[in-house]
Structures are given as structure tokens and as C-alpha cells.
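Analysis of the macromolecular model
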Amino acid sequence: MTDAIPLKLFNSLTRQLEPFQPVHPGEARVYTCGPTVYNYPHIGNMRAYVFADVLGRTLSFKGYKLTHVINITDVGHLTDDGDEGEDKMEKMAAARAQSIWDTAKHYTEAYWADIKALNIRQPAHWSIATDYVPAMIDFAKSIADKHCYELDSGLYFDVSTVADYGRLARANTEEGEGRIEAVEGKRNAADFAIWRKTPPGEKRQMEWDSPWGRGAPGWHLECSVMSGQLLGFPFDIHTGGIDHREIHHPNEIAQNQAFCCTNGLDVPANSGARVWMHNNFLVERSGKMSKSSGEFLRLQLLIDKGYHPLAYRMMCLQAHYRSELEFSWDGLGAALVRLKRLLMTVGNLRAQAAPAESWGPKFAPFLERFDAAVSDDLNTPVALTVLEEVAALKKVDAGEKLAVIAAMDAVLGLGLLTLERADLRLRPKSATIADSEIARLLDARKEARANKDFAASDALRDELAAQGVEVMDGDALGWEWRLS
Ligand code: AMP
Ligand code: ZN
């Protein structure tokens, strides 16, 4: 299954689909830019980790030994991706009247809860930026002479000292990036701080001594150091959201080139990672989703409104990761129903048999098409339809069918063999009525109807409705009621 169909991935560096060729035979080493833990992640952020998870699961499915690293940025990320603005962490900690450490802990735990709820597998390492500051200083020291210059505000990387700066972004170095504002004394508009000095007379909560004075590392430096230390340069795949293709990743690449003492990007290994992959954004109709604006969609909000978090994972899988995906409550509801249908089939199968050890030749063409879909740059929308075709197969052994569904779900991660259908019932936080009470009222209503006492049956229906329970007679999915 693994050799016949080669895995092809879209490399942002070349803007082409390329066959995956691991640096170390049989292995796949992947680094994913993690969250800056100054606030809760919104569901757009979580799309980036669902994507990275599907990539990791696909690499495992294709037989590679996966080492995945996701970092936690708890220092250094400014409110602007360039060098303007305040440190996001310092700003939020001040607003919460809490230490940065407590703030980081709170939001890291919230992020990890979302990771778990979305069935995202644990990476081999969660690298915490503040654990790597001495390594960052060493890295900066090794490139400072040839590639950096000092200003009052910090140590800056001169992007003209490496070949092809901005190739990933397809940006013009001379003009720089529109969003990068000028810092007085910068040699090129796109130059960036790799060490930010604490301004004289100020004291930051997080600061370290360095050859360039007390201060804190730049955000881009963090990812270069953690990826290089944990995976070794060059490693296979670096992922992030599409916004990182413009500033953060070009800057990481420039540092990696400087560190590896290599020049042109024509040798792909010179960028630190061979393949750079970016997920497109989840958007709202009103425009870009932003957690900086204060108003944002958290996974917890979806849960509070009664949606199972894996309905959101299903919503992500229905779109290709390189397409923009528009969030809507209707779309989420449709994804939930799709997941329910699959679970209904799986529930029936589980009532008949346990997953078999293997399966017969009937299933081979489906597995081949599934493999072809995920191997085609993670085409999950097509993979999902193949899974549904398997679910709909008639006159096949229940245990074998279950085993095939499990094999496919190992890639998609929808929890098909562990979820119960009742887990997917819409249960908004505001609904307080207990399931046992609903069952009692429904039984009474059934009895009234059996006795043709329609007045009593209608009264019971109204009583349920008053508590937010809608009775669903004749529902196609076999649901008797829902909370609305
Ligand atoms: P941040 O915590 O801001 O560094 O973002 C965490 C990850 O989410 C990064 O990989 C971003 O590129 C990604 N991201 C941010 N906004 C969105 C969005 N609306 N849709 C998808 N990914 C996003
Ligand atoms: Zn990063």
C-alpha cells in the first residue's frame, strides 16, 4: 500500500507538487509553528493544527517513522509580525494583571484542550520557546559577524547577506514587505530583529543577558533554533498558516541559510527544511478572523452551542487545506450531520462484529483510491467520499468493513470507532434538562399517543419544547429529539 502510490506534497518554496523524498530514509521529520500563547486560539488557528495532524497521520499511513515538533511561543512575538509593536505576551499579562508565566500556562493549557478535543495526535515534542533561550543566543552568536548588525533597539539580520531572500514569499527585497515598518537605521526594509534589547530604564518580565545586552529573542529566531535542535538541519517539512509564508518563514529560512553557511536556495536543503507547507485561512463572511480583535470564535464556543468539536474537524476535512474555508453555523451543522451518518453506520456494524484482523480483496480498490487521494497533497475531501462509499457497501463482512473504516480513520482522525452516536447530540450549555427527564417525558408521550389521548401528547410535546427539547418524529437519522 505504501510503495505503489508515491506521496506528493505541494511545496510553497517551489510552488509545485513534489514527490516526498525523506532526508533520512524511512523517516519524516516535521516542524509546525505553534501558537503564541497570549490568548485563546480561535478555530482558524486550530485549522492549522488539524492540517498538520492530517499530514502527520498521512506520513504514518504511508509507512514513515514520524517525528513531529510543535512549538509554544511564550516570548518574543510582537503585536506586528514585523518589528513594530509590543510583545504580545507582555501586553496580555499586563491586561490580566498576571505574570507572563501564569498567562502562558493558562493559554497553553487551553490550546492543549483544543488539540485533544479535535483528536490531534500528540507530537513527539512540544518545544517551549523560553526553554531554548541559551541555544538561541548561541545560534545568534554564530551568525552575528557575517549576517547581523547592532542598533540601539537590538541585533538585526541583514537580509542582503543571504541569497534569494524572500523567494518563499515571492517578495521583492528592495521594496521590502508592506507590513514591515521602518526601524531607524535598518539597512533593508525587510531586515528583522533577532535579539530585542530592553530599552534603557525599562524592565521586562522576560529578559535574558546576551552579548547584545539584556533583552529577549526575536520570534523568527525561536523557530529556527527549536526546529534545528530537535530535528536537525535539513529536516523534511515545515508547516504553518499561509500568513507565515510572507514574513515569518522567509526570515526563518534566511537565518537557517546563514547558520548552515550555505547560499543559494537552489539546493533545497539550504532552507533548513526541504518542503514548506502552508494551510489556507478559515475566514468569516465579514472577513479575516482575528484573535487580536478580541471578538473571535473559540472551539469552546462551538461546544457551548452544543456542537461536538469533531464536527469542526469534519468541516476542515471537507475542504482541501490549500483552499480558503468559510465558517458558518449552517456549514458546521451540515458537517455534524455528515459525521452522524457515518457514526450510525459504524454503530450498526459494531453491534454486529468487532473489527477483523484483515480484509478481503473486495476492499482493495477502495483502499487504493483512498491512498491515492491522501497521497495527492492530502486530498481529504475525496478521501472522505471513498470512506463513505465503503460505509455504504452492502453484503460485505461487518468485521472486515469495520477494519477498513478504522484504517481510513487512522488518517482522518474522526474518532469513528470510539465515538458513540449520542455524543453527537446537540446539547447547548444553556440546556439544563437531563437526558433521563427527556426520556421520561417522551415515554409518557408515547403512552398518550398509544391511548389516542392527543391532547395529553401535545401537552407533553409543549412541555418538552418549553425546556428546549424538540421532538423529531420520523427523523431520517433515527433521532427522537434534539436540543435547540
Ligand atoms: P499564531 O498563534 O497567531 O502564531 O497562529 C497560529 C497558527 O494559526 C499559525 O500557523 C497561523 O498561520 C495560523 N492561522 C492564523 N489565522 C488563521 C486562520 N484564520 N485560518 C487558518 N490558520 C490561521
Ligand atoms: Zn514559527
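Residues numbered from 1 in each chain as written. Chains lettered and ligands numbered in written order. Predicted model: local features only at pLDDT ≥ 70, side-chain atom pairs only at ≥ 80, totals over all residues. Heavy atoms only, no water.

To continue, consider the coordination of the zinc ion (ligand 2). Taken together, Cys33 (SG), Cys223 (SG) and His248 (NE2) make up the protein donors of the zinc ion (ligand 2), found 2.0 to 2.2 Å from the metal. Between the donor residues of the zinc ion (ligand 2), the gaps in sequence give the motif C-x189-C-x24-H. Here Cys223 is found in helix 5 (residues 219-231), whereas its partner His248 is found in helix 6 (residues 248-260), with 25 residues between them in sequence. Each member of the pair, Cys223 as well as His248, carries the same accessibility label: buried. (Donors = N, O, S within 2.8 Å, 3.2 Å for Na, K, Ca; no water. Helix = DSSP H or I, 4+ residues; strand = E, 2+ residues; numbered from the N terminus. Buried < 20%, exposed > 50% of the residue type's maximum accessible area, 1.4 Å probe, protein only.)

Turning our eyes to something else, we now look at the pairing of strand 2 (residues 16-19). As judged from the four bridges shared by strand 1 (residues 8-11) and strand 2, these two strands associate in the antiparallel manner. Looking across to strand 2, one finds that Phe10 is bridged to Leu17. As consecutive antiparallel partners, strand 1 and strand 2 are separated by four residues, and within that stretch Arg15 has a phi angle of approximately 55 degrees, a positive value. (Pairing = 2+ DSSP bridges.)

Time to look at the sheet that holds strand 3 (residues 27-32). The strand order across the open sheet built from five strands is 5-4-3-10-11, with neighbouring strands paired in parallel fashion. Looking along the sheet, the strands with just one partner apiece sit at the ends: strand 5 (125-128) and strand 11 (273-279). Adjacent strand axes in the sheet meet at a mean angle of 25 degrees when their direction is disregarded. Sheet topology note: the strand 4 (residues 65-72)/strand 5 ladder contains four bridges and is parallel. Bridge pairing in strand 5 places Ile70 opposite Trp126. Set on the sheet, helix 1 (residues 43-61) makes contact with strand 3, strand 4, strand 10 (235-241) and strand 11; between it and strand 11 the angle comes to about 135 degrees. On top of the sheet, helix 3 (residues 100-117) reaches strand 4 and strand 5; it is set at about 145 degrees to strand 4, its chief contact. (Axes fitted to C-alpha atoms, helices over the stretch in contact; angles between N-to-C directions. Contact = heavy atoms within 4.5 Å.)

Turning our eyes to something else, we now look at the nonpolar core. Counting 111 residues, the largest nonpolar core has Ile43, Phe157, Ile194, Tyr312, Phe370, Met408 and Leu416 as the members making the most contacts within it. When we break this core down by domain, the ones giving at least three residues each are domain 1 (8-279) and domain 2 (291-424). Not counting residues within four places of it along the chain, the set of residues in contact with Phe370 comprises Phe61, Ala383, Val386, Met408, Val411 and Leu412. Formed by 14 residues, the second largest nonpolar core is a distinct cluster that contains Leu7, Val30, Ile237 and Met277. (Core = buried A, V, L, I, M, F, W, Y, C linked by side-chain atoms within 4.5 Å. Domains from an automatic or database assignment.)

This part takes up the domain arrangement of the protein. Put simply, an interface is often sized by how much accessible area is lost when its parts join up. Split by domain assignment, the protein resolves into domain 1 (8-279), domain 2 (291-424) and domain 3 (435-483). Measuring from the centre of the C-alpha atoms in domain 1 to the corresponding centre in domain 3 gives 55 Å.

Here the focus is the sheet that holds strand 13 (residues 287-288). An order of 13-12-14 is seen for the three strands of this open sheet, with the pairing classed as mixed. Each having just a single partner strand, strand 13 and strand 14 (325-326) make up the two edges of the open sheet. Note: strand 12 (residues 282-284) against strand 13, two bridges, orientation antiparallel. Bridging across to strand 13, Val283 finds its partner in Lys288.

Turning next to the packing of helix 9 (residues 329-352) against helix 12 (residues 398-412). Relative orientation of the contacting elements helix 9 and helix 12 amounts to 135 degrees, with a least axis distance of 9 Å. Here helix 9 is positioned oblique relative to helix 12, judged by the angle of their axes. Handedness of the helix 9/helix 12 crossing: left-handed. Note on element contacts: helix 12 touches helix 9 through Ala398, Lys401, Leu402 and Ile405, opposite Val346, Leu349, Arg350 and Gln352. In the contact of helix 9 with helix 12, the residues fall into five nonpolar, one polar and two charged. (Parallel < 35°, antiparallel > 145°, perpendicular 65-115°, else oblique. Left-handed = near helix turned anticlockwise from the far one by under 90°. Nonpolar A, V, L, I, M, F, W, Y, C, P; charged D, E, K, R; others polar.)

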